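So you can see what is in the structure, the chains are spelled out below.
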Amino acid sequence: MIDTLYRDAPSALHRYDSRLKLFLLPLLLIIFFLPLGTAAVCAYTLTFILLTMAVLGFREVLMPLKAIFPLLILITILTPFFHRAGEPLLETGGIVLLTDEGAAETLVYIARFSGISLLFFLFFRTTAMENILLGLSWYRLPYNMTLVISIALRYIPHLAGLYGQIKAAHALRCGINDELPCRRKRGRIGGLFPILVSLVIQSVKTIPTLTMALELKGIGRSNPRSRCRRLESPANIRMQLFFTLVLLVLMLSALVVFLTN
Amino acid sequence: MENQTDKSKQNLAFRIAAIAVLTALTTVCTMIIRVPVTPTRGYINLADVAIFFTAMTFGPFTALAAGGLGTALADILGGYAQWAPITFFAHGVQGLVIGLIFKTSGTEEKGKMVMALVISFILGTLIMAGTYFVTGGLMYGFGAAATEIPGNILQNVAGVVLGFPLYLAVKKAYPPIAGYRW
């Protein structure tokens, strides 16, 4: 089962206009890359943890963090080796394992990567894919591009199901006493290849049918088709605009304070 | 059939349909079809196989769109949305470069084909692994980012080793595909 990250809920962030979210997303992302210092980056990440907890609940915070957990361990192990300046905090047999600057840098990397992961998770968890596409269209993303993404999203579950069917059909071709191909490495890839060929041919064969369907819908005609779907503004759009502006001013003032110091 | 595809390959509807289906195929190859790697007990996905196939069969611009969008969608759907913009760039440009190499070298002569495969593997790996290394380094340090390089190279190896035979097999089993390139 393939599904988007979006889960419907009656929260303020779910009702927040997707165009404003798309506007804020890169701005909020840039802040992670400013040389703000350890405490500031950690506090900024903590804001996203608290926001996720408030909007989606505690369990949802763990979901993106679980996905990046192995990388966080690697960051913890490897970063101190590349930042050896500063006061030694941990050493064995004359070899410095951890310095204060190395620990600070590790914290910054962990906070930054966790924060970025949470930011994107929050965005996709609270914004439906069709609203993202309509929002992107509002920012003048070409119609053909959004159409490609919409069609691809509809075809992904179909092709995933097709892969399962082809795999099952190929498995039936093995006799009951045959040696299972998955026992050997070469057999594993050898067994996968015919399935992949069948899947690709079946997928490619759908292109002419889809082309005809699109032509019937008027795609590629000299007179462009009218658009029926528009992104509806929420009832409290003025409030949301005001909040976005306040956030923008706060971010800019923080940036000015940082640059002047 | 040949005439139909020749006509339709210039058609906008055909281009949209081809890119959409190949985007979905790339996403499925990235998310669902995985080959276990015994030494690391991990998996490699077949995104690069789909990108190599698309670049060789449909040309550079389809590979740019389908490779970039397909892998980025897989990141979004798989819960790794923070990687989506980087993946879009890394795999999109990788597809574009591979497609351009095959477009300029041609796919008729055996010697040229092998040369194109080697060059596309080297450049594709440099672009893909290099982009992930640089962006990963900026996000969480170059030490941890360096650990991902072998996995990315392995994925590109799988792309060449499986992508090229896949192109030959599909071309043989479904000849009309030869007219789909633009």
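Reading the values: the criteria
Residues numbered from 1 in each chain as written. Chains lettered and ligands numbered in written order. Predicted model: local features only at pLDDT ≥ 70, side-chain atom pairs only at ≥ 80, totals over all residues. Domains from an automatic or database assignment. Buried ≥ 20, exposed ≤ 12 C-beta atoms within 10 Å, placed from the backbone. Helix = DSSP H or I, 4+ residues; strand = E, 2+ residues; numbered from the N terminus. Pairing = 2+ DSSP bridges. Axes fitted to C-alpha atoms, helices over the stretch in contact; angles between N-to-C directions. Parallel < 35°, antiparallel > 145°, perpendicular 65-115°, else oblique. Left-handed = near helix turned anticlockwise from the far one by under 90°. Contact = placed C-beta atoms within 7 Å. Nonpolar A, V, L, I, M, F, W, Y, C, P; charged D, E, K, R; others polar. Core = buried A, V, L, I, M, F, W, Y, C linked by C-beta atoms within 7 Å. Expected span 1.5 Å × (residues − 1). Bend = angle between axes of the 7 residues up to and from the residue.

1. Notes on the domain arrangement of chain A
Then, number 1: Each assigned domain of chain A is listed here: domain 1 (12-135 + 245-260) and domain 2 (153-216).
Then, number 2: Domain 1 of chain A and domain 2 of chain A are separated by 40 Å when their C-alpha centres are compared.

2. Let's talk about the pairing of strand S1 (residues 88-92) of chain A
Along any regular strand the residues' side chains alternate between the sheet's two faces.
Residues and elements named next belong to chain A.
Then, number 1: Across the 5 residues of S1, 0 count as buried, placing the element largely on the outside.
Then, number 2: Looking at chain direction, S1 and strand S2 (residues 95-99) are connected through 4 bridges and run antiparallel. Of the residues in S2, the one forming a bridge with Glu-91 is Val-96.
Then, number 3: Connecting the antiparallel pair S1 and S2 is a turn made up of 2 residues, with Gly-93 showing a positive phi of about 60°.

3. Thoughts on the packing of helix H3 (residues 47-58) of chain B against helix H4 (residues 60-77) of chain B
All names here are of chain B.
Then, number 1: In the contact formed by H3 and H4, the axes pass within 7 Å of each other and the chain directions differ by 160°. Viewed along their axes, H3 and H4 adopt a mutual orientation that is roughly antiparallel. The two elements H3 and H4 meet at a crossing, and its hand is right-handed. Along the contact surface, H3 presents Ala-47, Ala-50, Ile-51, Thr-54, Ala-55 and Phe-58, while H4 presents Pro-60, Thr-62, Ala-63, Ala-66, Gly-67, Gly-70 and Thr-71.
Then, number 2: Tallied by class, the residues present in the contact of H3 with H4 amount to 8 nonpolar, 5 polar and no charged.

4. Some thoughts on the nonpolar core
Then, number 1: Membership of the largest hydrophobic core comes to 103 residues, with the highest contact counts inside it found for Val-148 and Ala-152 of chain A together with Ala-20 of chain B.
Then, number 2: In terms of domain composition, this core takes at least three residues from each of domain 1 (12-135 + 245-260) and domain 2 (153-216) of chain A.
Then, number 3: Sequence-distant contacts of Ala-152 of chain A, that is, excluding residues within four places in its chain, are made with Ala-20, Thr-23, Ala-24, Thr-27, Leu-69 and Leu-73 of chain B.

5. Some thoughts on the interface of chain B and chain A
Then, number 1: On the chain A side, the residues contacting the 46 residues of chain B number 52 residues.
Then, number 2: Of all the secondary structure elements, the ones that give two or more residues to the side of chain B that touches chain A are helix H2 (12-31), H4, helix H6 (110-140), helix H7 (142-146) and helix H8 (149-173) of chain B.
Then, number 3: Ranked by the residues each element gives to the side of chain B that touches chain A, the list is headed by H2 of chain B, at 15 residues.
Then, number 4: Considering only residue class, the side of chain B that touches chain A consists of 36 nonpolar, 10 polar and no charged.

6. What to know about helix H2 (residues 18-32) of chain A
In an α-helix, one turn spans 3.6 residues; hence positions three or four apart end up facing the same way.
Residue and element names in this part refer to chain A.
Then, number 1: The end-to-end C-alpha distance of H2 is 22 Å, a good match for the 21 Å that 15 residues give at a rise of 1.5 Å each.
Then, number 2: Of all bends in H2, the biggest is about 25°, found at Leu-24, and the proline Pro-26 comes one to four residues later.
Then, number 3: Taken as a whole, H2 has its buried residues at Ser-18, Arg-19, Lys-21 and Phe-32.
Then, number 4: Buried positions along H2 lie against helix H5 (100-126) and helix H6 (129-138).

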